[in-house]
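# What the coordinates show
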Amino acid sequence: MKQSSSQRMSGATVLAGVFGLIAFALLLGCNATTASTDDASAAAAPAPGAPDPEAPETADFRLPDLEGNEVGPPDFLGKVVVAEFWATWCAPCRVQAKMLETLYHVVDPEAVQFLAINVGEAAETIQPYLDETPFPYPVLLDQQDELMAEYRLIGLPTILVIDPEGKITYSHVGLVDSGTLRLELIKAGMPAEPVQAAAG
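Please read these numbers as outputs of a predicted model, since none were measured by experiment.

## Some remarks on the overall build of the chain
- Counting its secondary structure elements, the chain contains six helices and nine strands.
- Residues counted as buried form 39% of the 200 residues belonging to the chain.
- Here the contacts in the chain between residues at least 6 apart in sequence split such that 70% fall between residues at least 24 apart.
- Total accessible area computed for the chain in this model is approximately 11100 Å², and 57% of it derives from carbon and sulfur atoms.

Here it is, written out as structure tokens:
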């Protein structure tokens, strides 16, 4: 039986709505399970990209890497640090990681350090994922979500940009494109020379 034009339009409207919701979810990222806000704190939320005024101003934390070594932004003073908070189950995190890897290959490694901070998962859980999709920079473990809570981070992926003195200059939940992030790195102290062409 042939569909009427109104039925076809209704189906197209539903499909458009579904794709819109998927795009919206990718943009906003995955909800974190560790940080919660009430209406009052949401009303007082900082401007987009601005660190939460109630969170620590400096990134003085260290976390274990996959070999058990304690690593963190204090080990990279003098560089701009990009820290991505992610999890294996978070689809937008995978998109963000690809964007970061592209940027990683074109910025000066003497000026910028990247860190991938896994949230809430054990090493044996994430290792199969890393075997398939390795990061070209250190992976750290926030297994108990303590750092997410301390720095008042409310979703995944979250990007922190940290200046060479250890101060957090940029905080964003959801996807950040490479162009925007590069501008934030320059603001934080990365030399503004043109980036080199990506290999391959």
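## With respect to the environment of Leu-147
- Tracing the backbone through its elements, the reader meets Leu-147 in helix α5 (residues 146-150).
- When the C-alpha positions of Leu-147 and Phe-85 are compared, they lie 9.7 Å apart, and in sequence the two are 62 residues distant.
- Once residues lying within four places of it in the same chain are set aside, the contact partners of Leu-147 are Phe-61, Leu-63, Phe-85, Ile-117 and Asp-142.

## Details of the packing of aromatic side chains
- Per the counting criterion, the structure on display carries seven aromatic pairs.
- Grouped by ring-pair contacts, the aromatic residues Trp-86, Tyr-104, Phe-114, Tyr-129, Phe-135 and Tyr-137 constitute a single cluster.

## Overview of the sheet that holds strand β6 (residues 139-142)
- Across the sheet, which stays open at both edges, the five strands sit in the order β6-β5-β4-β8-β9 with mixed pairing between neighbours. This sheet does not close on itself; its edge strands, each paired only once, are β6 and β9 (168-173). With strand direction ignored, the average angle separating the axes of adjacent strands in the sheet is 20°.
- Bridge analysis of strand β4 (residues 80-86) against strand β5 (residues 112-119) gives seven bridges, and the strand direction is parallel. In the sheet register, Glu-84 faces β5, and the bridge partner there is Ala-116.
- Across the face of the sheet, helix α3 (residues 91-104) comes into contact with β4, β5 and β8 (158-162) while running at roughly 160° to β4.
- Here helix α6 (residues 178-188) sits on the sheet in contact with β4, β5, β8 and β9, set at roughly 25° to β8.

About the cut-offs
Along every chain, residues carry numbers that run from 1 in the direction the sequence is written. Local features in this predicted model are restricted to residues of pLDDT 70 or higher, and side-chain atom pairs are both shown and tallied only at a pLDDT of 80 or more, whereas totals for entire chains, interfaces and linings draw on every residue. Here the side-chain values reflect all heavy atoms present in the structure, with hydrogen atoms and water set aside. Numbering goes from the N terminus for both helices and strands, where a helix is a DSSP run of H or I of at least four residues and a strand is a run of E of at least two. Note on exposure labels: buried denotes an accessible area under 20% of the residue type's maximum, exposed denotes more than 50%, and partly exposed covers the range between, all computed with a 1.4 Å probe on protein chains only. It only takes one pair of heavy atoms within 4.5 Å for two residues to be counted as in contact. Accessible areas in this description were obtained via Shrake-Rupley with a 1.4 Å probe; residue shielding takes into account the shown protein chains only. Ring pairs shown here join Phe, Tyr and Trp side chains whose ring centres sit within 6.5 Å, with only the six-membered ring taken for Trp; geometry is labelled stacked below 30 degrees between planes, edge-to-face above 60, and tilted in between. In short, DSSP must find at least two bridges between two strands for them to pair. An axis is simply a line fitted to the C-alpha atoms; with a helix, the fit covers only the stretch in contact. Between two such axes, the angle follows the N-to-C directions and lies from 0 to 180 degrees.

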